[in-house]
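Report on the structure
Spelled out, the chains give:
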Amino acid sequence: MHVNILGGFLGSGKTTAINQACKLLQSEGKRVGVITNDQGTQLVDTAFINHNGIATKEVTGSCFCCNFEAFERNIAQLAEGFQVDVIFAESVGSCTDLVSTILNPLSIYHQELKVTLSVFADAAMLPVLIGQSKLFKDSVNYIYRKQLEEADIIVVNKIDLLSSDRLLELQYLIKNKFPHKEIIYQNSLDEKSILQWLDQIGKFNYTAERTSLTIDYDLYGEGEAALTWLDYLLIIESDDNTHKACELLMEQIYKQVNSYALPIGHLKFLITGKDLVRKISFTARSSQENEQKIDNWQENSVEMLINARIQCDPIILKTIVNDALSTIEMETNVRIEIKAADVFLPGYPKPTHRIIT
Ligand SMILES: Nc1nc2c(ncn2[C@@H]2O[C@H](COP(=O)(O)OP(=O)(O)O)[C@@H](O)[C@H]2O)c(=O)[nH]1
Ligand SMILES: [Mg+2]
């Protein structure tokens, strides 16, 4: 069985690529499964992939590396319960050191699995984050660079958003920076691009021995803890339609985060109703690139899941979201019930295994 692990920073396009790849493989009659991962418990990615009719398991409350047993259990359940041929596993966007903590343990304890590690990077963010970026703290940039360093394949994603000149510049930069890496340039919204990625991981030499990262866990832990985690589950109800209020709420949160100049890892919303599944993501791009038109819907009651990773104090993020909820309730005719709310700083990474090669 093939297990394709996706790493790479928050918002780089991992879930999008998995979703597209699964649809393509399913249309060819293959049985696919997905394992999602987050340190929170209410996951936008799981709900999104599930709504698309794909067998999904999740490791919550901890990353794959710190709960390897749960990861193994999920692989076994997808293999036995759903008889899948291929699994895509998306690791937490602020996680690294996967070769020593996931791939090496899998190659020792599960030699029957054919495992690959694709590390995704947003094409526009890549030159910023491997340079002397002041966007995130140095410890966060450190994680980003380490993720790329251990990739089997680097997937430079969202190339559709670059001009051809900028793409050429980027290709030159990346080739020089990673002369020995397999690199592909991708638009995950495009079928042909996804087929090229699937072809590349299909051809991968699964028996290749990988080199473990040399990594400073204190700096890695500092980077993880720099990004506050927020998960909210809301019920939004109205006597009329809920669309406008939801749109205003997302806009209000995004604007407030920007007004405090807080760097966004990701800020994503999943809105579901009787006939509705809508995912809206904001990432560390310019606000103009993040401008989104949210098509109308007709629903009196929707569920909204919010997942955020933002570089700031947890109290600030919690206050921004709670203030936005109050404002929208006052200014529109919706009632908002908070079903679950969790805001925290991730703890120090403590992998189950760390096997060095
Ligand atoms: N234009 C464009 N947008 C993309 C592409 N891949 C992902 N996105 C968008 O980038 C945002 C973050 O994607 P997501 O898959 O959630 O990233 P993840 O955090 O790495 O799983 C979403 O709004 C996606 O629609 C791409 O190749 N091109
Ligand atoms: Mg994701």
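Residues numbered from 1 in each chain as written. Chains lettered and ligands numbered in written order. Predicted model: local features only at pLDDT ≥ 70, side-chain atom pairs only at ≥ 80, totals over all residues. Heavy atoms only, no water.

Looking at the UniProt feature "domain: CobW/HypB/UreG nucleotide-binding" (unreviewed entry) in the protein
Formally: UniProt positions are given in the numbering used here, feature names are shortened, and annotations may be inferred rather than shown by experiment. Where helices and strands are cited, they refer to DSSP runs of H or I of at least four residues and of E of at least two residues respectively, numbered from the N terminus.
Per the UniProt record, "domain: CobW/HypB/UreG nucleotide-binding" (unreviewed entry) is annotated on residues 3-179. When the span residues 3-179 is considered, its composition is 45% helix and 21% strand, and the gap between its end C-alpha atoms is 26 Å.

Remarks on the coordination of the magnesium ion (ligand 2)
For a metal bound by four donors in tetrahedral geometry, the ideal donor-metal-donor angle is 109.5 degrees, whereas six donors in octahedral geometry ideally sit at 90 or 180 degrees. Worth spelling out the cut-off: The rule for donors is simple: N, O or S, within 2.8 Å of the metal, or within 3.2 Å if the metal is Na, K or Ca. Water isn't counted, so a site may look like it is missing partners. Throughout this description, buried means an accessible area under 20% of the type-specific maximum (1.4 Å probe, protein chains only), exposed means over 50%, and partly exposed covers the range between.
The coordination sphere of the magnesium ion (ligand 2) contains the protein donors Thr15 (OG1), Asp45 (OD) and Glu90 (OE), at a distance range of 2.1 Å. On the primary sequence, the residues serving as donors to the magnesium ion (ligand 2) are separated as T-x29-D-x44-E. On the criterion of sequence distance, the pair formed by Thr15 in helix H1 (residues 14-27) and Glu90 in strand E4 (residues 86-90) is long-range, its members being 75 residues apart. For the pair shown, Thr15 and Glu90 are each scored as buried.

Observations concerning the packing of H1 against helix H8 (residues 191-202)
Selection rule: Axis lines are fitted to C-alpha atoms, over the contacting stretch for helices. Their N-to-C directions set the angle, which ranges from 0 to 180 degrees. Any angle that is under 35 degrees is reported as roughly parallel, and any over 145 degrees as roughly antiparallel; angles of 65 to 115 degrees are reported as roughly perpendicular and all others as oblique. Contacts: residue pairs with any heavy atoms within 4.5 Å of one another. Classification convention: Asp, Glu, Lys, Arg as charged; Ala, Val, Leu, Ile, Met, Phe, Trp, Tyr, Cys, Pro as nonpolar; all other residues, Gly among them, as polar.
The interhelical angle for the contact between H1 and H8, taken along N-to-C directions, is 85°, at an axis separation of 10 Å. Classed by the angle they form, the pair H1 and H8 counts as roughly perpendicular. Of H8, the residues touching H1 (which contributes Ala17, Gln20, Ala21, Leu24 and Leu25) are Glu191, Ile194, Leu195, Trp197 and Leu198. Residue classes in the contact of H1 with H8 are distributed as eight nonpolar, one polar and one charged.

Focus: unusual backbone geometry
Of note in this structure, Gln83 is not a glycine but carries a positive phi near 45°. Its location among the elements puts Gln83 in the loop between helix H3 (68-81) and E4. For Asp97, which is not glycine, the phi torsion reads 65° and is therefore positive. Considering the arrangement of structural elements, one finds Asp97 in the loop between E4 and helix H4 (98-109).

What about the site of ligand 1?
Cut-off, in case you're wondering: Note on terminology: near, applied to a residue and a molecule or strand, indicates that one of the residue's heavy atoms is within 4 Å of it. Any pair of N or O atoms that falls within 3.5 Å is considered a polar contact. Within protein, one atom must be able to donate a hydrogen and the other to accept it, and sequence-neighbouring residues count only if both atoms are side-chain atoms. Each accessible area is a Shrake-Rupley estimate made with a 1.4 Å probe; only the visible protein chains count as cover when residues are assessed.
As a structural note, the neighbourhood of ligand 1 is formed by 17 residues, with Thr15, Thr16, Asp160, Ser188 and Lys279 the closest of them. Here an oxygen atom of ligand 1 and a backbone polar atom of Gly13 are 2.9 Å apart. In the model, an oxygen atom of ligand 1 is placed 2.8 Å from a nitrogen or oxygen of the Lys279 side chain. Surface burial for ligand 1 is 86%, taken as the share of its 580 Å² of free accessible area covered by protein chains.

Regarding the domain arrangement of the protein
Counted only if it meets this: What marks off one domain from the next here is an automatic or database domain assignment. Reported buried area values correspond to the accessible surface (1.4 Å probe) lost by two parts on association, with both partners' losses combined. Salt bridge, as used here, is a side-chain nitrogen of Lys or Arg placed within 4 Å of a carboxyl oxygen of Asp or Glu.
Along its sequence, the protein is organised into domain 1 (2-223) and domain 2 (228-344). On the side of domain 2, 21 residues touch domain 1, which itself brings 26 residues to the contact. Carbon and sulfur atoms make up 61% of the area that domain 1 and domain 2 hide from each other, which totals about 2100 Å². Connecting domain 1 to domain 2 are two salt bridges. Two residues, Lys268 and Asp45, come together in a salt bridge whose shortest N-O distance is 3.2 Å. By residue class, the composition of the side of domain 1 that touches domain 2 is 13 nonpolar, eight polar and five charged.

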